[in-house]
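Analysis of the macromolecular model
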Amino acid sequence: MKRQLISSGTRWEPIVGSSRAVRAGKSVHVSGTTATGPDGRIVGEGDAYAQAVQALQNIDHALQAAGASRQDVIRTRMYVTNIDDWAEVGRAHGEFFGDVRPATTMVEVSRLIDPKMLVEIEAEALMP
């Protein structure tokens, strides 16, 4: 099976030894994605909704690079540093996916790799 690695260019990938996404056959797995902007800075500092929106946009770019789209997403996982932000993060997720409605999980974690990060989202897609 052919394997395609997709990089976002963030500084974390070479340190951790990971890819933004991996496509294997018709499956695309997008790693935990945060609100890192093109300049490497966190977008929406202090705003969980804005961070979720940016993370989902970053996921969209990774899916497109792998030849997939948000319509192919079957599963997401959302990690938040404050579960009280669940409604705002969930709203961003719902706006992004609309009728796609992937299976999803949201859990609170004690922290993420950078203290400014409030949200991290993973996605799995299955292409037709």
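First, a word on scope: everything that follows refers to the structure included in this document.

Rules behind the numbers
Residues numbered from 1 in each chain as written. Predicted model: local features only at pLDDT ≥ 70, side-chain atom pairs only at ≥ 80, totals over all residues. Heavy atoms only, no water. Helix = DSSP H or I, 4+ residues; strand = E, 2+ residues; numbered from the N terminus. Contact = heavy atoms within 4.5 Å. Areas by Shrake-Rupley, 256 points an atom, 1.4 Å probe, with all protein chains shown as cover. Lys, Arg positive; Asp, Glu negative; His and termini not counted. Charge placed at Lys NZ, Arg CZ, Asp CG, Glu CD. Core = buried A, V, L, I, M, F, W, Y, C linked by side-chain atoms within 4.5 Å. Buried < 20%, exposed > 50% of the residue type's maximum accessible area, 1.4 Å probe, protein only. Salt bridge = Lys/Arg side-chain N within 4 Å of Asp/Glu carboxyl O. Phe/Tyr/Trp six-rings, centres within 6.5 Å; stacked < 30°, edge-to-face > 60°. Lys NZ or Arg CZ within 6 Å of the ring centre and 35° of its normal.

Things to note about the overall build of the chain
Per the secondary structure count, the chain includes three helices and six strands. With the C-alpha coordinates aligned to their principal axes, the bounding extent of the chain is approximately 40 × 35 × 20 Å. By sequence separation, contacts in the chain at least 24 residues apart represent 69% of the contacts at least 6 residues apart. About 7100 Å² of surface is accessible on the chain, with carbon and sulfur atoms providing 50% of the total. Averaging the coordinates of the 14 positive side-chain charges in the chain and doing the same for the 16 negative ones gives two points 8 Å apart.

Thoughts on the nonpolar core
Judged by nonpolar contacts, the single largest core of 26 residues is most densely connected at Val28, Val30, Leu63, Val119 and Ile121. At the level of secondary structure, the elements contributing two or more residues to this core comprise strand E3 (27–33), helix H2 (48–65), strand E4 (73–80), helix H3 (86–97) and strand E6 (119–126). The contact partners of Val28, leaving out residues within four places of it in the chain, are Ala21, Val22, Arg23, Leu63, Ala66, Ala68, Ala123, Glu124, Ala125 and Met127.

Focus on the environment of Leu118
Looking at the element boundaries, Leu118 is found in the loop between strand E5 (103–108) and E6. Placed 70 residues apart in sequence, Leu118 and Ala48 show a C-alpha to C-alpha distance of 5.8 Å. Look past the residues within four positions of Leu118 in its chain and what remains in contact with it is Gly46, Asp47, Ala48, Gln51, Tyr79, Val80, Thr81 and Leu112.

Looking at the pattern of salt bridges
Taken as a whole, this structure holds six salt bridges when the rule is applied. Between Arg70 and Asp60 there is a salt bridge, with the nearest N and O atoms lying 3.3 Å from each other. On the criterion of sequence distance, the pair formed by Arg70 in the loop between H2 and E4 and Asp60 in helix H2 is long-range, its members being 10 residues apart. The class of Asp60 is buried, set by a relative accessible area of 12%. In this structure, Arg77 and Glu122 form a salt bridge, with 3.5 Å as the shortest nitrogen-oxygen distance. With Arg77 in strand E4 and Glu122 in strand E6, this residue pair connects regions lying 45 residues apart in the sequence. Accessibility expressed as a relative area gives 23% for Glu122, which makes it partly exposed.

What to know about the packing of aromatic side chains
Per the counting criterion, the structure on display carries one aromatic pair. Where Phe96 meets Phe97, the ring centres are 4.7 Å apart and the plane angle is 90°; that geometry is what we call edge-to-face. Per residue, the accessibility class of Phe96 equals that of Phe97, and both read buried. Stacked on the ring of Phe96, the Lys or Arg Arg70 has its end atom at 3.8 Å from the ring centre. The residue whose ring lies beneath Arg91 is Tyr49, and the NZ or CZ to ring-centre distance is 3.9 Å.

Bear in mind that shape data such as this cannot, by itself, settle questions of function.
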